[in-house]
Amino acid sequence: MSSRDVWTIAEQSQGKIKEVSYEILTRGRKMADKLGVELASILLGYNISDDKLNELIHRGADKVYIVNDSVLENFIVENYSNVLVDLVRKYKPNIIIAGATTSGRTLMPHVAVRVNAGLTADCTGLDIEKGTNNLLQTRPAIGGNILATIKTPNNRPQMATVRVKSTKPAPIDRSRTGKIIKIELKTELIDGKVERIGFRKTEEEAASIQDADIIVSGGRGLRKKENFVLIRQLAKNLGGVVGASRDAVDRGWISYPHQVGLSGKTVSPKLYIAIGISGSIQHLAGIKTSDIIIAINNDPDAQIFKISDFGIVGDLFEVVPLLNERLAKVVK
Amino acid sequence: MDEKTGTMIREGVESIINPLDLYAIEVGIQLKEEYGGKAIVISMGPPGAEKALREAISMGCDDGILVTGKEFKGSDTWVTSFVLSKSIQNIGNYDLILTGERATDGDTGQVGPGISSFLDIPLATYVSKIVEIKDKNIIVERLVEDGYETLKMPLPALLTVVKEISYPRLPTLRGKQKARKIEIPVWSADNMKLDKSKLGLKGSPTRVVKIGHPKVTRSGTIVKPNGEESLLKAIDQLIKFMQKKRINLRRFNR
């Protein structure tokens, strides 16, 4: 009995399970069903209630392996990696899927090295190859200009991080049952060298742009920092968050965590609105997996219109205030 | 891309420094200026990567090392991390290893964490600020989804840095002169005594099996309003479009 199950790595913060944990359960469920094996959710953390663990089962897991210990309250890669490597050696999963989050993209390569596994980053598609039962992992590369499909023919486990928001969590199904396996932390697995000594939340629009359903981004067309107020207004009104092009960030109009594109964040929201952004290749690569793209720009030849579902060629200083005004009327 | 092997064709292409690595190079030079020591830049790549190393030296790095050879061709991130960790061990005495967040071509971000895992040294990814280096310890801030967390760790350590950490300087005239003259040692699998079966495409756990070319364009509706009335019409059209696409406009003024 080796190399059988599909594992997904759940994430938590202060005892709460993060949404991405459910998204990757949806991915894992499909793989496990195609292979006819069980799906396990792996969770390292502290103060996780049984209710929360059951939700992992209700959203697709057959088993939950939980290591619940105060030392694991925060993500410290050395500790998490040691614990996960230990579990991998003991239970020998076939596939391990994690979210392409800052933790997932740190933990997975650290673990892959130790267990001689193949790892593919930031996948947008997963499938099982007929005949060989190998995991097929598809990911954009070279600025999103190609889609590469990658497999790990010989090494096990096969590991992948999956782009956040690229799948939906399954709805809660309380009729699903499964096993919760509580694992004692072995103290020798705690590295103890790295300490987390502080945390501060991102100021202003605190929501992470990678988690947002709606992103309203501003670019050079805004002309000055103060004009970002237009973007903030529209974002607030639509219940979205504020993004920016590299140009706007480099000019100091808004901070780096808002930057969308290859040298910033790759996003896949339901709705992306680009305002005063001409659309460099790097920016387009960062947004092309969005469900819907809307652009407002005064240059009819701007590249952004080539990947837009709806575009208005016009002066953003006329269009945006008017859009805000009309939206108010529509929903009243 | 080589469509047959699924590997990147790195030969004969002019090598530039990965834009996100410039921030790591800048931090390395700044730390050297503040604390002394040496900033050594190292690259695993085709022979042409020498040019990128010289560029880093012209910015202020002291030395460069080129890790190259046909045995390395087609290496995935596992093998690349392995070879670079061996190269670093070969250099011997080091306090800090800096990498960019990820390359803008392969875009994996896996090599930095991989190197730290092989070397078994502390790792901080997405570092946006070095707060303090004191008594062989380093305190850094890392940029995560909802904010910045502060980590303290002993040296030697490995940091992958984000753009926010610095502003890369331009090469200086003196730097350029130095970069032109300096000898860059070339390290191969042979002189690092590496087991060749573990290298390149052969040694890589992953294989690219297919390359697709995604369609970039969307056939969207682009309207060009002319005058106030048509602008209003365009905006109503946009709102209708959002409603049709089931964007929840009810959140408005919530």
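Residues numbered from 1 in each chain as written. Chains lettered and ligands numbered in written order. Predicted model: local features only at pLDDT ≥ 70, side-chain atom pairs only at ≥ 80, totals over all residues.

## Notes on the domain arrangement of chain A
Residue and element names in this part refer to chain A. Under the domain assignment used here, chain A contains domain 1 (6-189) and domain 2 (209-331). Inter-centroid distance (C-alpha atoms) of domain 1 to domain 2 is 32 Å. Across the boundary between the two partners, domain 1 contributes seven residues, which contact 10 residues of domain 2. Classifying every residue of the side of domain 1 that touches domain 2 by side-chain character gives one nonpolar, four polar and two charged. (Domains from an automatic or database assignment. Contact = placed C-beta atoms within 7 Å. Nonpolar A, V, L, I, M, F, W, Y, C, P; charged D, E, K, R; others polar.)

## Here's the deal with the sheet that holds strand β4 (residues 39-45) of chain A
All names here are of chain A. The seven strands are arranged β7-β11-β6-β1-β4-β5-β12 in an open sheet whose pairing can be described as parallel. Lying at the two open borders of the sheet, with one neighbouring strand each, are β7 (118-123) and β12 (179-182). Recorded for the sheet is a direction-independent mean angle of 20° between the axes of neighbouring strands. Here strand β5 (residues 63-68) runs beside β12; their pairing, made up of four bridges, is parallel. Looking at the pairing, Tyr 65 lines up with Ile 181 of β12. Seen against the sheet, helix α1 (residues 19-35) touches β1 (6-9), β4, β6 (95-99) and β11 (158-162) and runs at an angle of roughly 155° to β6. (Pairing = 2+ DSSP bridges. Helix = DSSP H or I, 4+ residues; strand = E, 2+ residues; numbered from the N terminus. Axes fitted to C-alpha atoms, helices over the stretch in contact; angles between N-to-C directions.)

## Comments concerning the interface of chain B and chain A
Each side of the interface is counted separately: chain B has 70 residues, and chain A has 76 residues. Sorting the residues of the side of chain B that touches chain A by element identifies α3 (77-91), α4 (111-119), β4 (123-134), β5 (137-144), β6 (147-154), β9 (207-212), β10 (221-223) and α7 (228-244) of chain B as the ones contributing at least two each. Looking at the side of chain B that touches chain A, the element that brings in the most residues is β6 of chain B, giving eight residues. Taken together, the residues of the side of chain B that touches chain A sort by class into 33 nonpolar, 20 polar and 17 charged.

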